[in-house]
There are 2 protein chains.
Amino acid sequence: MGRIGVDLYPLRTGVPLAEVDSFGRFLGGSPANVAVAAARLGRRVAMVTRTGADPFGAYLRAQLGAFGVDARWAGEVPGLATPLTFCEIFPPDDFPLYFYRAPKAPDLEIRPEELDLDAVRGARVFWMTGTGLSEEPSRAATLAALEARTEARVEARVEARTEGRAEGLAAASGITVFDLDWRPTLWREGPGPSYERALAHATVAVGNAEECAIATGEGEPRAAARALIDAGVELAVVKRGPAGVLAVHRDGATAEVPPVPVEVVNGLGAGDAFGGALCHGLLAGWDLARTMRYANAAGAIVASRLACSSAMPYPDEVEEVLGRAVDE
Amino acid sequence: MGRIGVDLYPLRTGVPLAEVDSFGRFLGGSPANVAVAAARLGRRVAMVTRTGADPFGAYLRAQLGAFGVDARWAGEVPGLATPLTFCEIFPPDDFPLYFYRAPKAPDLEIRPEELDLDAVRGARVFWMTGTGLSEEPSRAATLAALEARTEARVEARVEARTEGRAEGLAAASGITVFDLDWRPTLWREGPGPSYERALAHATVAVGNAEECAIATGEGEPRAAARALIDAGVELAVVKRGPAGVLAVHRDGATAEVPPVPVEVVNGLGAGDAFGGALCHGLLAGWDLARTMRYANAAGAIVASRLACSSAMPYPDEVEEVLGRAVDE
């Protein structure tokens, strides 16, 4: 659930935007990319979002469909243009973004009363991002969806206990991920209390080191992971870039995974590939280390490619990178 | 003086925007195109405008320079993004536009106190458009520039009379063009009294049949031209598309020019090519019919090409089309 837009990427890299003559167009927006990444790995995915009532909105719905993401909850908001994002591509680590989301992105117009809460409750994984909390009515809708998830999880546990079944299975299909996804330019003030409320409902928090620091006030990765768990989640995942990934579970399990060495072409979208693969691993019930290695490999693949959504890897591509990493 | 932006044009034509995969980038914005058109015809041109303080603004300034248009009065407005325009290209006559100018285009932030009024007074031709009147402070700045033009013209006439020189020459170098350029999506209400004030200061009004009708309330081209003259201008030019061009001078001279037969690729920018060539003809002191034929040919050339600004013709290209028209 969250933002979607058109990414316009220079068809040449290493060139300032002022010198770019032509652009390729791609489906974009972090949660949209995550949805595509999970679909590529074979998961059944739908997206709750909004576009403008314009040709770019039609393009995005068609793209979601082509990528195997159900777009039935990706409606139109008349009067607001579908957002655009331009990027500059300076490998290995400089990818400035330029957002055209004024006066307001349609995806911030998702209203609580429009949610299909049965579908939100029924999903085995629900993914939302910090940007959805940046403005009303999207903030209220995102929090309403999170509350519905918590209710469903509690109900499932009570039911399992009543029927004498293991609670683990219910928990495994009640995964709610908060992608901290902090984009300062999209916020008027700081993250504020909506982040705390979202963390109280989420079972997984994922973010890069900076995002975790902003959400928790803790700059050190282990301390930040601990703070995220204290705020309510079961699993905290800190993406540390060149320092790899740290995952800490409330039950004490920890995984630290080194980065996959890769020639970076465009770092944008790598985190979203990681996210889609994280969902895949969590749904598969893999252990923490395996899930993190897999997600890390998926991210590395996208970083080595120019595009984002259309660059999301298939399972055999991830397996190949993992195999190579073992061989080396 | 007026708007500027980045045009993003599909690299394929006849395809809905929803199916376009890549876009070419061009300098755009009607008065910016007119400036380029006049420069291509050998005129010394400068542009008063504003861009965002971003890479697209840098691109536009660089492009103006490359086209030979002085960009010293094309400053930056921090906090506003350089506007974008997408188009769909369905030849021969359907070219929908999608503007990204929210929350406000930097070119509407031109302030009266920032104008170099000596330069505005000193120009032999001054060109402004209706869009510049759509919002403050641009409206006040545009009207201030127009008032400065009128003052300079009156002074030049008085001086000529005092010194016993012909007034004609002073008038010829005091050309002020109002391009009616009506873009309903850029206005909150109708054109209103600012159009009347601008017409009172302009010496030339130019627009397509619809724009002339909106400015005057007269749907019939001759009646609209008459009404524009009654509103203050010396020369009214009505671009009638497939019906050619009608020009009516206050002194009674009239020219009607048929369209130049051409295979239309992209009609956008044809009117701006016409405008740049109109300035060229007026400065050269050509008679009305010659000026209109020349401007018409320049417009036809751009209509036969995909791009706008970069498609503006050189004099030999216009001459060639005019020669062909005579031969046929």
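Remember, predicted model here, so these are calculated numbers, not experimental data.

Undergrad: What am I meant to see in the side chain of Asn33(A) here?
TA: All names here are of chain A. Take Asn33: it is sitting in helix H1 (residues 30–40). In terms of polar contacts, Asn33 uses its side chain to reach the side chain of Asp272, at 3.0 Å. What Asn33 contacts, discounting residues up to four positions off in sequence, is Leu27, Gly28, Asp272, Cys308, Ser309 and Met312.

Undergrad: Explain empty space enclosed by the protein to me, please; I cannot follow it from the model alone.
TA: Summary: where empty space remains is shown by rolling a probe the size of a single water molecule over the atoms. Applying the stated criterion across every chain yields a total of 1 cavity of 30 Å³ or more. In this structure, the largest cavity encloses a volume near 40 Å³. For the lining of the largest cavity, the class distribution of residues is 3 nonpolar, 3 polar and 2 charged.

Undergrad: Explanation requested: the packing of aromatic side chains in the structure shown.
TA: Both the distance between ring centres and the angle between the ring planes are used here to describe each pair of aromatic rings. Summed over all chains, the structure comprises 21 aromatic pairs over all chains. Pairwise contacts between aromatic rings join Phe23(A), Phe56(A), Phe86(A), Tyr100(A), Phe23(B), Phe56(B), Phe86(B) and Tyr100(B) into one cluster. Here the guanidinium or amino end of Arg25(A) rests over the ring plane of Tyr59(A), the centre of that ring lying 3.7 Å away.

Undergrad: Sorry if this is basic, but what is going on with the packing of helix H4 (residues 138–162) of chain B against helix H6 (residues 193–201) of chain B here?
TA: Two quantities define a packed helix pair, namely the angle between the helix axes and the distance between the axes. Residues and elements named next belong to chain B. Two numbers describe how H4 lies on H6: the axes approach to 9 Å, and their chain directions differ by 25 degrees. Here H6 runs roughly parallel to H4, going by the angle between their axes. Crossing of H4 against H6: the hand is left-handed. Mapping the contact onto sequence places Arg139, Leu143, Leu146, Glu147, Thr150 and Arg153 in H4 and Ser194, Arg197, Ala198 and His201 in H6. Of the residues in the contact of H4 with H6, the class split is 3 nonpolar, 3 polar and 4 charged.

Undergrad: Would you explain the relation of the copies chain A and chain B in this entry?
TA: The operation relating the two chain copies consists of a rotation about an axis and a shift along that axis. Once turned by 180 degrees and shifted 0.0 Å along the axis, chain A lies on chain B with an RMSD of 0.0 Å. Here the symmetry operator amounts to a two-fold rotation axis. An overlap of 100% is found between the interface residues of chain A and their copies at the interface of chain B, pointing to a shared contact surface.

Undergrad: Explanation requested: the interface of chain A and chain B in the structure shown.
TA: One frequent convention defines the size of an interface as the accessible area lost when the parts assemble. Contacts between the two partners involve 24 residues from chain A and, on the opposite side, 24 residues from chain B. Counting the surface lost from both chain A and chain B, the interface buries some 1900 Å², and carbon and sulfur atoms represent 68% of this. Of all residues in chain A, the largest losses of buried area upon contact with chain B belong to Arg25(A), Pro55(A) and Tyr100(A), amounting jointly to 31% of the total for that side. At the boundary of chain A and chain B, one finds 0 salt bridges. Among the secondary structure elements, those contributing two or more residues to the side of chain A that touches chain B are strand S2 (22–28), helix H2 (55–66), strand S7 (84–87) and strand S8 (97–100) of chain A. Among the residues forming the side of chain A that touches chain B, the class breakdown is 17 nonpolar, 3 polar and 4 charged.

Undergrad: Would you mind going over helix H1 (residues 30–40) of chain B with me for this structure?
TA: Residue and element names in this part refer to chain B. A large share of H1 lies buried, amounting to 11 of its 11 residues. Restricting attention to buried positions, one finds in H1 the residues Ser30, Pro31, Ala32, Asn33, Val34, Ala35, Val36, Ala37, Ala38, Ala39 and Arg40. Looking one or two residues beyond H1, the residue adopting positive phi is Gly42, at roughly 100 degrees.

Undergrad: Where do I start with the sheet that holds strand S11 (residues 204–208) of chain A in this structure?
TA: Adjacent strands of a sheet pair through backbone hydrogen bonds, lying either parallel or antiparallel. Residues and elements named next belong to chain A. Strands sit in the order S9-S10-S11-S12-S13-S14 across an open sheet of 6 strands; the sheet is mixed. The open sheet has two edge strands with one neighbour each: strand S9 (125–129) and strand S14 (254–257). Across this sheet, the average inter-strand angle for adjacent strands is 15 degrees, counted without regard to direction. Judged from the 5 bridges that link them, S9 and strand S10 (residues 175–179) form a sheet pairing that is parallel. Each bridged residue has a counterpart across the sheet, and for Phe126 the counterpart in S10 is Thr176. Here helix H4 (residues 138–162) sits on the sheet and contacts S9 and S10; the angle it forms with S9, its principal contact strand, is near 155 degrees.

Undergrad: Even after reading the chapter, I still don't get the nonpolar core, so can you show me in this structure?
TA: The nonpolar side chains of a soluble globular protein tend to be buried, and buried together. Ranked by internal contacts, the top residues of the largest apolar core, which has 120 residues, are Leu84(A), Phe86(A), Met292(A), Leu84(B), Phe86(B) and Met292(B). Excluding residues that lie within four positions of it along the chain, Met292(B) makes contacts with Val237(B), Val245(B), Ala247(B), Ala255(B), Val257(B), Phe274(B) and Leu278(B).

Undergrad: Which parts of the structure should I look at to understand the pattern of salt bridges?
TA: Oppositely charged side chains may form a pair once their charged atoms are brought near each other. Inspection of the entire model under this criterion finds 36 salt bridges over all chains. Between Arg72(A) and Asp70(A) there is a salt bridge, and its shortest N-O distance comes to 2.8 Å. Classification of Asp70(A) as partly exposed rests on a relative accessible area of 25%. When the shortest N-O distance is used, the salt bridge between Arg240(B) and Glu256(B) registers 3.7 Å.

Undergrad: Which parts of the structure should I look at to understand the packing of helix H9 (residues 270–284) of chain B against helix H10 (residues 288–303) of chain B?
TA: All names here are of chain B. It is at 7 Å that the axes of H9 and H10 come closest, and there the two elements cross at 150 degrees. Considered as vectors, H9 and H10 are oriented roughly antiparallel to each other. Viewed along their axes, H9 and H10 form a crossing whose handedness is right-handed. Listed contacts from H10 to Ala270, Ala273, Phe274, Ala277, Leu278, His280, Gly281 and Leu282 of H9 are Thr291, Met292, Tyr294, Ala295, Asn296, Ala298, Gly299, Val302 and Ala303. Partitioned by chemical class, the residues of the contact of H9 with H10 number 12 nonpolar, 5 polar and no charged.

Undergrad: Explain unusual backbone geometry here, please?
TA: Most of the time, phi is negative for any residue but glycine, and the peptide bond is trans. For the bond running from Glu136(A) to Pro137(A), omega is 0 degrees, close enough to zero to count as cis. Tracing the sequence through the fold places Pro137(A) in the loop between S9 and H4. Residue Pro92(B) is reached from Pro91(B) by a cis peptide bond, and omega for that bond is 5 degrees. Relative to the helices and strands, Pro92(B) resides in the loop between strand S7 (84–87) and strand S8 (97–100). In this structure, Asp181(A) is a non-glycine residue whose phi angle is positive, near 30 degrees. In this structure, Asp181(A) sits in the loop between S10 and helix H6 (193–201).

Undergrad: What exactly am I supposed to notice about the state of the cysteines here?
TA: A covalent bond between the sulfur atoms of two cysteines is referred to as a disulfide. Counted by the stated rule, this structure contains 0 disulfides over all chains. Its sulfur unpaired, Cys279(A) is 16 Å from the next cysteine sulfur, which belongs to Cys212(A). Judged by its relative accessible area of 7%, Cys279(A) falls in the buried class. Counting only cysteine sulfurs, Cys87(B) is the nearest neighbor of Cys308(B), a cysteine outside any disulfide, at a range of 7.0 Å. Its relative accessible area of 2% is what places Cys308(B) among the buried residues.

Rules used throughout
Residues numbered from 1 in each chain as written. Chains lettered and ligands numbered in written order. Predicted model: local features only at pLDDT ≥ 70, side-chain atom pairs only at ≥ 80, totals over all residues. Heavy atoms only, no water. Helix = DSSP H or I, 4+ residues; strand = E, 2+ residues; numbered from the N terminus. Polar contact = N/O pair within 3.5 Å; in protein donor to acceptor, adjacent residues only side chain to side chain. Contact = heavy atoms within 4.5 Å. 1 Å grid on protein atoms, 1.4 Å probe; cavity = no way out; pocket = protein on both sides within 12 Å on 5 of 7 lines; lining within 4 Å. Points joined across faces, edges and corners; volume = space filled by probe spheres on them. Nonpolar A, V, L, I, M, F, W, Y, C, P; charged D, E, K, R; others polar. Phe/Tyr/Trp six-rings, centres within 6.5 Å; stacked < 30°, edge-to-face > 60°. Lys NZ or Arg CZ within 6 Å of the ring centre and 35° of its normal. Axes fitted to C-alpha atoms, helices over the stretch in contact; angles between N-to-C directions. Parallel < 35°, antiparallel > 145°, perpendicular 65-115°, else oblique. Left-handed = near helix turned anticlockwise from the far one by under 90°. Least-squares fit on C-alpha atoms with pLDDT ≥ 70 in both. Buried area = accessible area lost by both parts, 1.4 Å probe. Salt bridge = Lys/Arg side-chain N within 4 Å of Asp/Glu carboxyl O. Buried < 20%, exposed > 50% of the residue type's maximum accessible area, 1.4 Å probe, protein only. Pairing = 2+ DSSP bridges. Core = buried A, V, L, I, M, F, W, Y, C linked by side-chain atoms within 4.5 Å. Disulfide = S-S within 2.5 Å.

Don't take any of this as a statement about function, it's just geometry.
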